[in-house]
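Descriptive analysis of the structure
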Amino acid sequence: MKHFALALALVSGFAFGAETWTIDDTHSTARFKVKHLLVTNVSGEVGGVQGAFTVDGDDLTKMTIDAKADMRTINTNNKKRDEHLRADDFFSAKKHAWTTFKSKSVKKEGSKYLITGDLTLRGVTKEVTLESEGLTPAVKDPWGSLRRGFTGTTKINRKDYGVSFNKTLDNGGAVVGDEVTVEIEAELKTDAPKEAKSEKKS
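These numbers come from a predicted model, not from an experiment.

Basis of the calculations
Residues numbered from 1 in each chain as written. Predicted model: local features only at pLDDT ≥ 70, side-chain atom pairs only at ≥ 80, totals over all residues. Heavy atoms only, no water. Helix = DSSP H or I, 4+ residues; strand = E, 2+ residues; numbered from the N terminus. Areas by Shrake-Rupley, 256 points an atom, 1.4 Å probe, with all protein chains shown as cover. Buried < 20%, exposed > 50% of the residue type's maximum accessible area, 1.4 Å probe, protein only. Contact = heavy atoms within 4.5 Å. Polar contact = N/O pair within 3.5 Å; in protein donor to acceptor, adjacent residues only side chain to side chain. pLDDT = per-residue confidence, 0-100. Phe/Tyr/Trp six-rings, centres within 6.5 Å; stacked < 30°, edge-to-face > 60°. Lys NZ or Arg CZ within 6 Å of the ring centre and 35° of its normal.

For the protein, the count of helices and strands is three helices and 11 strands. When the elements of the protein are put in sequence order from the N terminus, they spell out α-β-β-β-β-β-α-β-β-β-β-β-β-α. A total of about 11,800 Å² of accessible surface is found on the protein, and carbon and sulfur atoms cover 52% of it.

Attention now goes to the side chain of Thr 99. Considering the arrangement of structural elements, one finds Thr 99 in strand E6 (residues 98–109). On the basis of relative accessibility, which here comes to 13%, the residue Thr 99 falls in the buried class. Excluding residues within four positions of it along the chain, Thr 99 makes contact with Ala 67, Lys 68, Ala 69, Met 71, Leu 119, Thr 120 and Leu 121.

Take unusual backbone geometry next. One non-glycine residue, Asn 77, adopts positive backbone phi at about 65°. On the secondary structure map, Asn 77 appears in the loop between strand E5 (64–70) and helix H2 (79–86). Classification of Asn 77 as exposed rests on a relative accessible area of 73%. Its identity is not glycine, yet Ser 92 carries a phi of approximately 45°, on the positive side. When you line up the elements, Ser 92 lands in the loop between H2 and E6. Assessed through its relative accessible area of 3%, Ser 92 is described here as buried.

With that settled, consider the side chain of Ser 103. Following the sequence through the fold, Ser 103 ends up in strand E6. Side-chain polar atoms of Ser 103 contact the backbone nitrogen of Ile 65, separated by 2.7 Å. Beyond its immediate chain neighbours, meaning those up to four positions away, Ser 103 contacts Met 63, Thr 64, Ile 65, Ile 115, Thr 116 and Gly 117.

Looking at the protein as a whole, the pLDDT averages 83, with 77% of positions reaching at least 70. Per-residue pLDDT stays below 50 along residues 1–15; that stretch engages in 19 contacts with residues further than four places along the chain or on separate chains. Segment residues 196–202: pLDDT under 50, and nine contacts once partners within four positions in sequence are set aside and those in other chains are kept.

We now examine the environment of Ala 186. Relative to the helices and strands, Ala 186 is located in strand E11 (residues 176–190). Exposure remark for Ala 186: the relative accessible area of 5% places this residue in the buried category. Put simply, Ala 186 and Ala 30 are 156 residues apart on the chain and 8.3 Å apart in space, counted from C-alpha to C-alpha. The contacts of Ala 186, once residues within four sequence positions are left out, are Ile 23, Ser 28, Arg 148, Gly 149 and Phe 150.

Moving on, we get to the packing of aromatic side chains. Applying the stated criterion to the full structure yields one aromatic pair. On the basis of an interplanar angle of 65° and a centroid distance of 5.0 Å, the ring pair of Phe 53 and Phe 150 is categorised as edge-to-face. Residue Phe 53 is located in strand E4 (residues 50–56), and its partner Phe 150 is located in strand E10 (residues 146–157); the two are separated by 97 residues in the primary sequence. As far as the burial class goes, Phe 53 and Phe 150 line up, both buried. Between Lys 68 and the ring centre of Trp 98, over which it is positioned, the NZ or CZ distance is 4.3 Å.

Set out below in structure tokens:
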């Protein structure tokens, strides 16, 4: 009976009203990938991902996202390159430490969700659309909180955000490509419903 009551409390916690899910920055990251010398991709990641998702029941088209990532943490596993990326030639991380995304609408197409919002990078704001499969089902962690996962991807042109530094190759190509693939991996958490906590103590 106790197990049934706990399960009922967990389900009812999702069934009614909007809930706020906080991004767990220790288990979340923003990754990027860009062409180098037109022959291979260089990948990196940005940590310090913070923010929250607001979810209204099972209808993810009502979901909102307000998130940011710390550009001072940029990491491509090459110290010299990372320092250059943080400098004014690229992301100017001292002046513009945070890249932010704030959703404006969510539309479902087939099994995918298209999340349109404003991406602010290096002080420039442009509208982008994240493609996602939505949120994973909630699970309870060992400490009594609930967890869900989110993955969203988009492509941007870095020059749209004032990141225009480059060098031209002898064949006319560029050292660094303009198109950047961005992927956000976020682990979300929220406190367990009060009913579940009370049942656990009894």
